[in-house]
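Commentary on secondary and tertiary structure
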Amino acid sequence: MRFLILLIVSILLIHSSPAQAQRPGGPPPEAFEVCKGRAANGACSFQAPHGTIRGTCLSISQGLVCAPGQRPGQSFGQRPSGGNRPNRNIGKVQDDRFDIKQSGNRRSQPTSTRPAGKDTGAPDNKLLGSTYKVADTGQSACYDASSNPKMWNCPKPGGEFYGQDAQYSNNPPRYTDNRNDTISDLVTGLTWQKTFQSNVAWSNAPALATRATTGGHTDWRVPTIKELYSLMNFNGATGRAPPTQSEPPSDAVPYINTRYFSFEYPSSSGGRFIDAQYITSTAYKGNAMGNAAFFGVNFADGRIKGYPQRGRRNGQGWYLRLVRGNPNYGRNNFRDDGNGAVTDQATELTWMQADSGHSELRSLLKKSQYSDGRMNWSEALAYCENLSHAGSGNWRLPNAKELQSLLDYSRSPQSTGSAALNPLFQATRFTDEAGKPNYPGYWSSTTHLDGRDPGDHAVVVFFGEALGAPSFGPPGRGNQGGSIIDVHGAGAQRSDPKAGNPNDYPKSGQGPQGDVVRVFNYVRCVRDAG
């Protein structure tokens, strides 16, 4: 053990500055700081003078330290051999804005009507506009599917639940407070308003952006769903409380970094504590809950849903935080690799061209309750970790932000008769709980800390309609009878139980909109390009 500690110290000192290398005393403070609150064997990274150090949190006498040059679960000093690389160069997708019309069945083109502006913070992107990075989800702990899901140590290769979000880390969020009510994201190249506006009508948001002069800048815009979702932090927790409660529970943690960004739970207005939905410019190409909708991000409960453009039922508006900089954020540049894989040259991520429901790919399922490509979360993790496809074995289950980056919000089952996905990809078509043709929601590797047992659900991103059975709606519209309809839109992000029997859940679903629950979802694996 003493030799192991000395070896860790030596390597860390080599990666530190020359002055540090000449000064004994152990690993730099950053190596310890980054592993605070993380589980042993979890992935880690920190900034050293000569660049980013990536590795694994290992336990030494002084505590957990980020030891460089390892895969999660690998013994220190062991040479990596195949398998997944802990890297997250993440992607961005094309979005519809207020002034961009639906493109029909034609493949969308990456056009923009937004001003570029000048960023106050220097992003890491060296080729801004042709490539870009998406910040990590921030999830730092590992979880299983039990009623007490947080794990003391992350699983090792070959173990159940290996390959989850906390075990792959890159592009950790890095912000700069510009001291002028703006915050620069050094990973994405976006600059944000530090504060927010409340009770804003969706239709009024563009005019507010035009008039904004925060920080002395005049090129503010309403963020797209891709841009706003980049701020999501999955170390957040909804808290153990009924969603109808007005006061947030003591264990609630916002899904945004409140060290840099202002946030409030809307309990002071007499509403539900979870009603912290923020406006985006991305309109849904269809109706959700029977209404024209836009996609918004809820930083109180960690979800994306389609919300009515006309406003809430009580007449109140939404929250708004404006953005500027990096006009190319969220735009794909797909290349068909001709071998069953598609590479996004903008994000340097390579995806399975078909999902797990395709006949050739579902045949690779070894142990699953279903043979049609559906699987629970544990099976999904193992499926991608063990996948050999398109000449590579380096596949993994994507995290929530990677998976959401693949969405094409200009498409939907209602508008284009397709999944919300570029036509280069295949998506399994199936008959849903309403008895209609639909497309899947895909598992991500990200745990959602929501519900009575926070951690027993994992994030699902919907490329087909996100169904529910609500028992309310506006008079003459909506869904008064409790039948199953599209409640949140193709492009929503919710979560499902990681394990269990689907029959244990009522057909009418759960939550305020009666979300349909699926324990078994489809999978689309990802790997780093190259």
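This text gives an overview of the structure that appears in the document.

Conventions adopted
- Residues numbered from 1 in each chain as written.
- Predicted model: local features only at pLDDT ≥ 70, side-chain atom pairs only at ≥ 80, totals over all residues.
- Heavy atoms only, no water.
- Helix = DSSP H or I, 4+ residues; strand = E, 2+ residues; numbered from the N terminus.
- Buried < 20%, exposed > 50% of the residue type's maximum accessible area, 1.4 Å probe, protein only.
- Contact = heavy atoms within 4.5 Å.
- Areas by Shrake-Rupley, 256 points an atom, 1.4 Å probe, with all protein chains shown as cover.
- Pairing = 2+ DSSP bridges.
- Axes fitted to C-alpha atoms, helices over the stretch in contact; angles between N-to-C directions.
- Phe/Tyr/Trp six-rings, centres within 6.5 Å; stacked < 30°, edge-to-face > 60°.
- Lys NZ or Arg CZ within 6 Å of the ring centre and 35° of its normal.
- Salt bridge = Lys/Arg side-chain N within 4 Å of Asp/Glu carboxyl O.
- Disulfide = S-S within 2.5 Å.
- 1 Å grid on protein atoms, 1.4 Å probe; cavity = no way out; pocket = protein on both sides within 12 Å on 5 of 7 lines; lining within 4 Å.
- Points joined across faces, edges and corners; volume = space filled by probe spheres on them.
- Nonpolar A, V, L, I, M, F, W, Y, C, P; charged D, E, K, R; others polar.
- Core = buried A, V, L, I, M, F, W, Y, C linked by side-chain atoms within 4.5 Å.
- Lys, Arg positive; Asp, Glu negative; His and termini not counted.
- Polar contact = N/O pair within 3.5 Å; in protein donor to acceptor, adjacent residues only side chain to side chain.

When helices and strands are counted, the protein shows 9 helices and 24 strands. Across the 530 residues in the protein, those meeting the buried criterion constitute 59%. Taking as baseline every contact in the protein between residues at least 6 positions apart, the subset at least 24 positions apart corresponds to 67%. When the accessible area of the protein is evaluated, it comes to approximately 21,000 Å², of which 48% is carbon and sulfur surface.

Although it is not a glycine, asparagine 199 sits at a positive phi angle of roughly 55°. Given the relative accessible area of 53%, asparagine 199 is considered exposed. With a phi close to 35°, asparagine 326 is a non-glycine residue in the positive phi region. Within the fold, asparagine 326 resides in the loop between β13 (323-324) and β14 (334-336). Given the relative accessible area of 2%, asparagine 326 is considered buried.

Let us look at the sheet that holds strand β24 (residues 526-528). Strand order in the open sheet formed by 4 strands is β14-β15-β16-β24, with antiparallel pairing between adjacent strands. If you trace the sheet from one side to the other, it starts and ends with β14 and β24, each paired once. When strand polarity is set aside, the average angle formed by the axes of neighbouring strands in this sheet is 25°. With 3 bridges connecting them, β14 and strand β15 (residues 341-344) associate as antiparallel partners. Paired with arginine 335 across the bridge in β15 is threonine 343.

Let us now look at the packing of aromatic side chains. Evaluation of the coordinates by the stated rule reveals 21 aromatic pairs. Each ring, one from phenylalanine 196 and one from tyrosine 278, has its centre 6.3 Å from the other, and the planes form 80°; the classification is edge-to-face. In this pair, phenylalanine 196 sits in the loop between β6 (191-193) and β7 (197-200) while tyrosine 278 sits in strand β8 (residues 277-278), placing the two residues 82 residues apart along the sequence. The burial state of phenylalanine 196 is the same as that of tyrosine 278; both residues are buried. Judged by centre distance (5.3 Å) and plane angle (75°), the ring pair of tyrosine 278 and phenylalanine 299 falls under edge-to-face. A residue pair is termed long-range when its members are at least 10 positions apart, and tyrosine 278 in strand β8 and phenylalanine 299 in the loop between β10 (291-298) and β11 (303-308) qualify at 21 residues. For the residue pair tyrosine 278 and phenylalanine 299, the accessibility class agrees, reading buried in each case. Positioned above the aromatic ring of tryptophan 220 is the side chain of arginine 324, whose terminal nitrogen or guanidinium carbon lies 5.9 Å from the ring centre. The ring of tryptophan 395 has arginine 527 lying over it, and the distance from NZ or CZ to the ring centre is 5.3 Å.

All told, the structure shown has 14 salt bridges when counted by the stated rule. In this structure, the salt-bridge partner of arginine 240 is aspartate 251, at a minimum N-O distance of 3.2 Å. With arginine 240 in the loop between α5 (225-229) and β8 and aspartate 251 in the loop between α5 and β8, this pair connects stretches of sequence that are 11 residues apart. For the salt bridge of arginine 303 with aspartate 301, the shortest nitrogen-to-oxygen distance reads 3.5 Å. Given the relative accessible area of 11%, arginine 303 is considered buried. Among the charged side chains, a salt-bridge network with shared partners connects Asp177, Arg179 and Lys194.

For the rest of this paragraph, the subject is the sheet that holds strand β4 (residues 175-177). The 4 strands lie next to each other as β4-β5-β6-β13, forming an open sheet whose pairing is antiparallel. Strands with a single pairing partner mark the edges of an open sheet, and in this sheet they are β4 and β13. Pairing of strand β5 (residues 182-185) with β6, which is carried by 3 bridges, proceeds in the antiparallel orientation. Residue pairing across strands places isoleucine 183 opposite tryptophan 192, the latter belonging to β6.

Looking now at the state of the cysteines. By the definition in use, this model includes 2 disulfides. The disulfide bridge from cysteine 142 ends at cysteine 154, spanning 2.0 Å between sulfur atoms. Between cysteine 142 and cysteine 154, the S-S dihedral sits near 95°, and the bridge is therefore right-handed. Of this pair, cysteine 142 sits in the loop between β3 (63-68) and β4 while cysteine 154 sits in the loop between β3 and β4, and the two are 12 residues apart along the sequence. Looking at cysteine 142, the relative accessible area reads 0%, which means it is buried. Residue cysteine 154 is classed as buried on the basis of its relative accessible area of 3%. The partner cysteine of cysteine 384 in its disulfide is cysteine 525, sulfur to sulfur 2.1 Å. Handedness here is read from the sign of the S-S torsion; for cysteine 384 and cysteine 525, about -85°, the answer is left-handed. Linking cysteine 384 in helix α7 (residues 377-385) with cysteine 525 in the loop between β23 (493-497) and β24, this pair joins segments that are 141 residues apart in sequence.

The next thing to look at is empty space enclosed by the protein. Tallied over the full model, the rule gives 2 cavities of 30 Å³ or more. Surrounding the second largest cavity, Phe462, Leu467, Arg494, Asp496, Val516 and Arg518 form its lining. Classifying every residue of the lining of the second largest cavity by side-chain character gives 3 nonpolar, no polar and 3 charged.

What follows is about the nonpolar core. Within the largest apolar cluster, 63 residues are counted, with the highest numbers of intra-cluster contacts made by Leu231, Phe261, Phe263, Val297, Phe299 and Phe463. Listed by contribution, the elements that provide at least two residues to this core are α5, β9 (283-288), β10, β16 (349-352), α8 (400-404) and β20 (457-462). When residues no more than four places from it in sequence are discounted, the contact partners of phenylalanine 299 are Leu228, Leu231, Met232, Pro254, Tyr255, Ile256, Phe263, Ala276 and Tyr278. If you look at the next biggest cluster of nonpolar residues, it comprises 24 residues, including Ala341, Leu361, Met375 and Ala390.

Of note, glutamate 465 is situated in the loop between β20 and β21 (467-468). Put simply, glutamate 465 is tucked away with no salt bridge, and the nearest opposite charge, on lysine 436, sits 6.7 Å away. Here the side chain of glutamate 465 touches glutamine 414 through a polar contact of 3.4 Å, side chain to side chain. Once you skip the residues sitting within four places of it in the chain, glutamate 465 turns out to touch Tyr284, Pro413, Gln414, Asn438, Asp486 and Ala490.

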